[in-house]
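Here is how the chains run, residue by residue.
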Amino acid sequence: MPSTKALVVFRSDLRVADNPALFQALKGGHSVIALFVLDEESGRAYGGASRWWLHHSLTALAKRLCELNVPLILRKGPLAQTVQSIATEAGVSALFWNRSYDDVSVAFGRALKAWGAENGMETESHLANLLHEPHATLTKSGGHFKVFTPFWRNQLSLDAPREPLPSPESQAPVADVPASDALADWDLLPTRPNWAKQFPDHWTPGEDGARVRLNRFLETGITLYEEARDMPGVEATSGLSPHLRFGEISPYQIWHRTKRVTEQVGRDNSDKFLAEIGWREFSHHLLYHHPALATDNFQTKFNAFPWRDDAETSRLLSAWQKGETGYPIVDAGMRQLWQTGWMHNRVRMIVGSFLVKHLLIDWRAGEDWFWDTLVDACPASNSASWQWVAGSGADAAPYFRIFNPILQGEKFDPEGAYVRHFVPELSKLPNKILHKPWSAKPSELDYFGVELGKTYPNPIVDHGAARDRALNAFKSLKDNKAA
Ligand code: FAD
């Protein structure tokens, strides 16, 4: 008897191992066809750096699926309609996918279930990219969590995350597969100029790249993680964020491999690292309950915040984007972002705080720039983190806590390895003036080949004055509320 056909829709789960939708479809004995839809109409389009990643990730996925005899169809169009039309064209009797939790994905899941029921098709969706369902995690009073610590305590009190699924067995070749777009025709890679040319020195998108990255971290980084995770000049964090963003590795794989390796060496030092995976879960939890997290203040009192909107705004924003603020740690971070598509977490907090507090520029401008330039740009983590930095978010850093970019640089990059790497024009400066070059005498700077205003910018704002202005802006918000 000929087997029935099934369609597996890939979205933010570009992996073959521990992929419940793919695993169950193959296990059910269907002839499986895979589909990825590039939907540039519903929801937010991928940013430039994400498009670069997506191109390479789909290339890697197609290769892995080919080894299983599962053809991958690529199509452009509105998500739900495109899935329905391919399902009809291929004559499938079942649809499988892994769940995502932004509003477009939630609506997609509902629409597909209804359409499947109307058309006599089996539909099956799975929890795959988070450890727990965002909607099933509730406080004692039945609401959702707004503070990380009780959220994570709650998650840790639940059953341990399930073991990852084994890689599926290959199937017999499938006949009559609908035509696919050519990936190259999607123009996901930048040309003229190719601003991503350094990305391949840092990243290998795809499942294999994710596995290598995790192994390397568990061999070396994890022993440094607790003490050095805030030091951008030390490679002490995993660098897994883009792989997680595109679902090339699952949190279950990370969880169990980390536990196993740390237990083998007899030192379970994984709590801090796994709690960061928890922050990712928390961000998705917030996004599920607040779908407009990327655009609307979580705390509505921030709707009245006096963000700068004058002739200077675009000049200051551009200096920040280019890493030309005159504050070395800020500039190093923004240049790391541009050159590698990624930025160290501590420095994300510093540059974010600088934008919203020192420059008084709306956090949404920063969120947008990160969305376009980060290879890990994530609908949940990017918006939740920007709101955290701005003070408008859930469990946010209070607005009046203003990072001093000089002290942050001196504390977290004391030997200046990070700044010297990304701001090479300052590389000869001694540590004592590296994070505040304007404090040195011109003759001293001259000796080290630095001329402020020429080889490196003067600070675009004075730290003390900017701090006072930010505090006043915050006070006006409080006064408004009181009035
Ligand atoms: P590790 O320290 O090795 O952590 C392991 C994993 O945990 C990460 O890969 C990531 O998936 C998750 N994680 C770690 N820290 C956080 C956090 N604070 N919030 C949510 N998840 C976390 N992360 C993104 O994945 N995408 C984003 O778009 C994003 N935008 C951010 C914007 C701002 C302003 C800030 C302050 C943070 C942002 N983060 C974002 C969170 C964090 O900076 C990155 O996840 C982290 O730097 C990734 O590096 P890593 O993989 O080496 O992290």
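Whatever comes next refers back to the structure up there.
Described in the following lines is the structure provided in the data block. (Residues numbered from 1 in each chain as written. Predicted model: local features only at pLDDT ≥ 70, side-chain atom pairs only at ≥ 80, totals over all residues. Heavy atoms only, no water.)

**Side note on the overall build of the chain**
Then, number 1: Counting secondary structure elements, the chain contains 20 helices and five strands.
Then, number 2: Taken over the C-alpha atoms alone, the chain extends approximately 85 × 55 × 50 Å along its principal axes.
Then, number 3: Considering the chain as a whole, with its 483 residues, one finds that 54% of them fall into the buried category.
Then, number 4: Across the chain, the fraction of contacts at a sequence separation of at least 24, relative to all contacts at a separation of at least 6, is 79%. (Helix = DSSP H or I, 4+ residues; strand = E, 2+ residues; numbered from the N terminus. Buried < 20%, exposed > 50% of the residue type's maximum accessible area, 1.4 Å probe, protein only. Contact = heavy atoms within 4.5 Å.)

**Observations concerning the packing of helix H10 (residues 271-289) against helix H15 (residues 381-390)**
Then, number 1: Close contact between H10 and H15 brings their axes to 8 Å; oriented N to C, the two are set at 95°. Relative to H15, the element H10 lies roughly perpendicular. Facing Trp279, Arg280, Ser283 and Leu286 of H10, the residues of H15 in contact are Ser381, Ala384 and Trp388.
Then, number 2: Residue classes in the contact of H10 with H15 are distributed as four nonpolar, two polar and one charged. (Axes fitted to C-alpha atoms, helices over the stretch in contact; angles between N-to-C directions. Parallel < 35°, antiparallel > 145°, perpendicular 65-115°, else oblique. Nonpolar A, V, L, I, M, F, W, Y, C, P; charged D, E, K, R; others polar.)

**Here we look at the pattern of salt bridges**
Then, number 1: On inspection of all chains with the given rule, the structure shows 23 salt bridges.
Then, number 2: Residue Arg64 pairs with Glu67 through a salt bridge whose shortest N-O separation is 3.7 Å. On the criterion of helical spacing, the pair formed by Arg64 and Glu67 is a turn pair, its members being three residues apart in helix H2 (residues 48-67).
Then, number 3: A relative accessible area of 19% means that Arg64 is categorised as buried.
Then, number 4: Its relative accessible area of 49% is what places Glu67 among the partly exposed residues. (Salt bridge = Lys/Arg side-chain N within 4 Å of Asp/Glu carboxyl O.)

**Observations regarding unusual backbone geometry**
Then, number 1: Here the amide bond leading from Arg192 into Pro193 is cis, since omega sits at -5°, within 30 degrees of zero.
Then, number 2: Not every positive phi belongs to a glycine, and Asn69 is a case in point at roughly 65°.
Then, number 3: Of note, the phi angle at Asp187 is positive, near 50°, even though the residue is not glycine.
Then, number 4: Looking at where Asp187 falls in the secondary structure, it is placed in the loop between helix H5 (148-157) and helix H6 (199-202).
Then, number 5: A residue is classified by how much of its surface remains accessible, and Asp187, at 58% relative accessible area, is exposed.

**Quick word on the side chain of Lys5**
Then, number 1: Looking at the element boundaries, Lys5 is found in strand S1 (residues 5-10).
Then, number 2: No salt bridge is formed by the buried Lys5; the nearest opposite charge belongs to Asp176, separated by 4.8 Å.
Then, number 3: Those residues in contact with Lys5 that sit more than four places away from it in its chain are His30, Ser31, Ile33, Ala90, Gly91, Val92, Ser93, Ala94, Val174, Ala175 and Asp176. (Lys, Arg positive; Asp, Glu negative; His and termini not counted.)

**Overview of the site of the ligand**
Then, number 1: Residues in contact with the ligand amount to 27 residues; listed here are only the nearest, Tyr225, Thr237, Ser238, Gly239 and Asn345.
Then, number 2: For the ligand, an oxygen atom lies 2.7 Å from a polar atom in the side chain of Thr237.
Then, number 3: Contacts to the ligand include Arg348, whose side-chain N or O atom sits 3.4 Å from an oxygen atom.
Then, number 4: About the coverage of the ligand: the protein hides 95% of its 810 Å² of free accessible area.
Then, number 5: Those elements that provide at least two residues to the shell around the ligand are helix H8 (241-245), H10, helix H13 (345-358) and H15.
Then, number 6: If you tally residues by element for the shell around the ligand, the top one is H10, at six residues. (Near = heavy atom within 4 Å. Polar contact = N/O pair within 3.5 Å; in protein donor to acceptor, adjacent residues only side chain to side chain. Areas by Shrake-Rupley, 256 points an atom, 1.4 Å probe, with all protein chains shown as cover.)

**Here's the deal with the sheet that holds strand S3 (residues 72-76)**
Hydrogen bonds between backbone atoms are what pair the strands of a sheet, whose relative direction is either parallel or antiparallel.
Then, number 1: The strand order across the open sheet built from five strands is S3-S2-S1-S4-S5, with neighbouring strands paired in parallel fashion. A strand with exactly one partner marks an edge of an open sheet, and here the two such strands are S3 and strand S5 (122-126). Sheet twist, expressed as the average angle between the axes of neighbouring strands with direction ignored, equals 25°.
Then, number 2: Note: S1 against strand S4 (residues 94-98), four bridges, orientation parallel. Within S4, the residue paired with Val9 across the bridge is Trp97.
Then, number 3: Its contacts with the sheet place helix H4 (residues 103-118) against S1, S4 and S5, and it is angled at close to 165° to S4. (Pairing = 2+ DSSP bridges.)

**Some thoughts on the environment of Arg110**
Then, number 1: Its place among the elements puts Arg110 in helix H4.
Then, number 2: On the basis of relative accessibility, which here comes to 59%, the residue Arg110 falls in the exposed class.
Then, number 3: In this structure the C-alpha to C-alpha distance between Arg110 and Asn472, which are 362 residues apart in sequence, comes to 46 Å.

**Structural notes on the nonpolar core**
Then, number 1: Ranked by internal contacts, the top residues of the largest apolar core, which has 54 residues, are Trp320, Val330, Leu359 and Phe370.
Then, number 2: Among the elements of the structure, helix H11 (313-322), helix H12 (328-340), H13, helix H14 (363-373), H15, helix H17 (417-422), helix H18 (431-434) and helix H20 (463-482) are those that each provide at least two residues to this core.
Then, number 3: For this core, the element with the most residues is H13, which contributes six residues.
Then, number 4: With 35 residues, the next largest nonpolar core counts Val16, Leu22, Leu26 and Phe246 among its residues. (Core = buried A, V, L, I, M, F, W, Y, C linked by side-chain atoms within 4.5 Å.)

**Structural notes on the pairing of S1**
Then, number 1: Where burial is concerned, most of S1 is hidden: six out of the six residues are buried.
Then, number 2: Both faces of S1 are covered, namely the face carrying Lys5, Leu7 and Val9 and the face carrying Ala6, Val8 and Phe10.
Then, number 3: Of the pairings in the sheet, the one linking S1 to strand S2 (residues 31-38) comprises six bridges and is parallel in character. By the bridge assignment, Val9 is partnered in S2 with Leu35.

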